[in-house]
Amino acid sequence: MLGREEKISTGRLTSVQYAILLMFLVLGYGLWRLQVSQTNYYATQAENNRVRKVPILAPRGKIVDREGRIIVDNHPSFTALMMRDSARDMAGDAPLIAQGLHLKESEVRDKIRRFAGMPQYAPIYLKEDITPNELAFVESHRNELPELDTIMAHRRLYPRNGFLAHLVGYVGEVSEDMLSLPQWELYNPGDVVGKSGVELQYNQLLMGKNGSRQAVVNSKGKEIQYSLGETPAEPGKPLKLTVDLDVQVAAEEALEGKNGAIVAMDRAPARF
């Protein structure tokens, strides 16, 4: 038998029961609010937190002379991208984007048009080797322009004063006319390819293969989880030429300001 002081009064027991019932009612209301009342709101929030495929650009292979001395190298820079997985009206943002990246508005609109038939995950490469001011513009306009982003890229570093330019050539973004040719049919708008000289002749060897990483971003385009997975880029292979830099320097200095050509021959002595 319980003593009088150990007995629980009916009133106190009822209060505890009502308190437990109230807790369940609060939890039930919260569950109803999440799953019924604000279903659309939370579905929209979840949709805004999406996975974005960010490209990792492969550096082109270096070009060296017969002794292994570097002729063409790469240097790191930033490239401005327009991510097409955003629900924004990108054409409507073209004036502000063009102003901030020092581009023509028509150029931005033309790039958007060119990528219209591409998969949505394929970004638009707006401008390479952007300046610190342009990089600051992208970072400071995350809220107004969530579709803008930047990635690290590797730009070509050629010899100064046009040295060996006639041989090495140059690279550039693949054009619409090039994409219509069988040689370039497997490439995509925005790809940087060789346009002339050795860069063009050995483009497939030098180009490498781009990679990508998956990042979770919110509705403002800001990454909230750095990476869900990554496919590393495959750098282009180096190319060794038969050119001798010392001989080439001597030849170009001899022809400075003149038109002509120099031929080096290993001539055997005459026999009588």
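Refer to the structure presented above.
Before going into details, it helps to say that this report is about the structure given with it. These numbers were taken from a predicted model, which means no experiment stands behind them.

### Describing the overall build of the chain
Okay, step 1: Per the secondary structure count, the chain includes 10 helices and 10 strands.
Okay, step 2: Of all 272 residues assigned to the chain, the portion counted as buried reaches 34%.
Okay, step 3: Within the chain, counting contacts between residues at least 6 apart in sequence, those at least 24 apart form 68% of the total.

### Considering a nonpolar patch on the surface
Okay, step 1: A cluster of nonpolar side chains, contributed by Tyr-18, Leu-21, Leu-22, Leu-25 and Val-26, occupies part of the molecular surface with about 550 Å² of accessible area.
Okay, step 2: Tracing the chain through its elements places Tyr-18 in helix α1 (residues 10–37).
Okay, step 3: Taking relative accessible area as the criterion, Tyr-18 reaches 59% and is therefore assigned exposed.

### Re the pattern of salt bridges
Okay, step 1: Overall, the coordinates contain 16 salt bridges when judged by the stated rule.
Okay, step 2: Taking the shortest distance from any N to any O, the salt bridge between Glu-134 and Lys-127 comes out at 2.6 Å.
Okay, step 3: For Glu-134, a relative accessible area of 2% translates into the label buried.
Okay, step 4: Between Arg-142 and Glu-139 there is a salt bridge, with its nearest N and O atoms 3.1 Å apart.
Okay, step 5: For Arg-142, a relative accessible area of 19% gives the class buried.

### Looking at the side chain of Asp-244
Okay, step 1: Mapped onto the fold, Asp-244 is located in the loop between β10 (239–240) and α10 (245–254).
Okay, step 2: Overall, the relative accessible area of 18% leaves Asp-244 in the buried class.
Okay, step 3: Looking at Asp-244, its side chain comes within polar contact range of the side chain of Arg-69, at 3.5 Å.
Okay, step 4: Each residue touching Asp-244, except ones within four places of it in the same chain, is listed here: Asp-65, Arg-66 and Arg-69.

### Focus on the packing of helix α3 (residues 90–101) against helix α5 (residues 132–140)
Okay, step 1: Close contact between α3 and α5 brings their axes to 8 Å; oriented N to C, the two are set at 145 degrees. Between α3, through Leu-96, Ile-97, Gly-100 and Leu-101, and α5, the contact on the second element is made entirely by Glu-134, Phe-137 and Val-138.
Okay, step 2: Counted by class, the contact of α3 with α5 contains 5 nonpolar, 1 polar and 1 charged residues.

### Some points on unusual backbone geometry
Okay, step 1: In this structure, Asn-161 takes a positive phi of about 60 degrees despite not being glycine.
Okay, step 2: Backbone geometry at Leu-164 places phi at a positive 65 degrees, although glycine is not the residue there.
Okay, step 3: Positionally, Leu-164 belongs in the loop between β5 (148–157) and α6 (165–168).
Okay, step 4: Classification of Leu-164 as buried rests on a relative accessible area of 0%.

### A word on α5
Okay, step 1: Here α5 has its buried residues at Glu-134, Phe-137 and Val-138. Down the axis of α5, the sector holding all buried residues measures 95 degrees, keeping them to one side. For α5, exposure combined with an orientation more than 90 degrees from the buried face picks out Pro-132 and Asn-133.
Okay, step 2: Tucked into the core, α5 has its buried residues touching α3, β4 (124–127) and β5.

### Looking at the nonpolar core
For soluble globular proteins, the rule of thumb is that nonpolar side chains tend to be buried together.
Okay, step 1: In this structure, Met-82, Ile-97, Leu-101, Val-108, Leu-126 and Leu-148 are the most contacted members of the largest nonpolar core, which totals 20 residues.
Okay, step 2: Take this core: its biggest share by element is 5 residues, from α3.
Okay, step 3: Sequence-distant contacts of Leu-126, defined by excluding residues within four places in its chain, comprise Ala-80, Leu-81, Met-82, Ile-97, Leu-101, Leu-103, Val-108, Lys-111 and Leu-148.
Okay, step 4: Ile-71, Val-72, Val-168 and Leu-206 belong to the second largest nonpolar core, which has 12 residues in total.

### Digging into the environment of Glu-234
Okay, step 1: Structurally, Glu-234 can be placed in the loop between β9 (223–231) and β10.
Okay, step 2: The exposure class assigned to Glu-234 is partly exposed, which follows from its relative accessible area of 47%.
Okay, step 3: A C-alpha to C-alpha distance of 4.9 Å links Glu-234 and Lys-209, two positions 25 residues apart in sequence.

### A closer look at the pairing of strand β3 (residues 70–82)
Okay, step 1: Sheet topology note: the strand β2 (residues 63–64)/β3 ladder contains 2 bridges and is antiparallel. Pairing of Val-64 across the sheet is with Ile-70, part of β3.
Okay, step 2: Between β2 and the antiparallel strand that follows it, β3, lie 5 residues; Gly-68 among them carries a positive phi value of about 85 degrees.
Okay, step 3: Here β3 pairs with β5 via 10 bridges, running antiparallel. Residue pairing for β5: Pro-76 is matched across the bridge by His-154.
Okay, step 4: Across 3 bridges, β3 lies against β4 in antiparallel orientation. In the sheet register, Leu-81 faces β4, and the bridge partner there is Tyr-125.

Scoring rules and cut-offs
- Residues numbered from 1 in each chain as written.
- Predicted model: local features only at pLDDT ≥ 70, side-chain atom pairs only at ≥ 80, totals over all residues.
- Heavy atoms only, no water.
- Helix = DSSP H or I, 4+ residues; strand = E, 2+ residues; numbered from the N terminus.
- Buried < 20%, exposed > 50% of the residue type's maximum accessible area, 1.4 Å probe, protein only.
- Contact = heavy atoms within 4.5 Å.
- Patch = residues over 30% accessible without salt bridge, like charges linked within 9 Å, V, L, I, M, F, W, Y side chains within 5 Å.
- Areas by Shrake-Rupley, 256 points an atom, 1.4 Å probe, with all protein chains shown as cover.
- Salt bridge = Lys/Arg side-chain N within 4 Å of Asp/Glu carboxyl O.
- Polar contact = N/O pair within 3.5 Å; in protein donor to acceptor, adjacent residues only side chain to side chain.
- Axes fitted to C-alpha atoms, helices over the stretch in contact; angles between N-to-C directions.
- Nonpolar A, V, L, I, M, F, W, Y, C, P; charged D, E, K, R; others polar.
- Arc of directions from axis to C-beta.
- Core = buried A, V, L, I, M, F, W, Y, C linked by side-chain atoms within 4.5 Å.
- Pairing = 2+ DSSP bridges.

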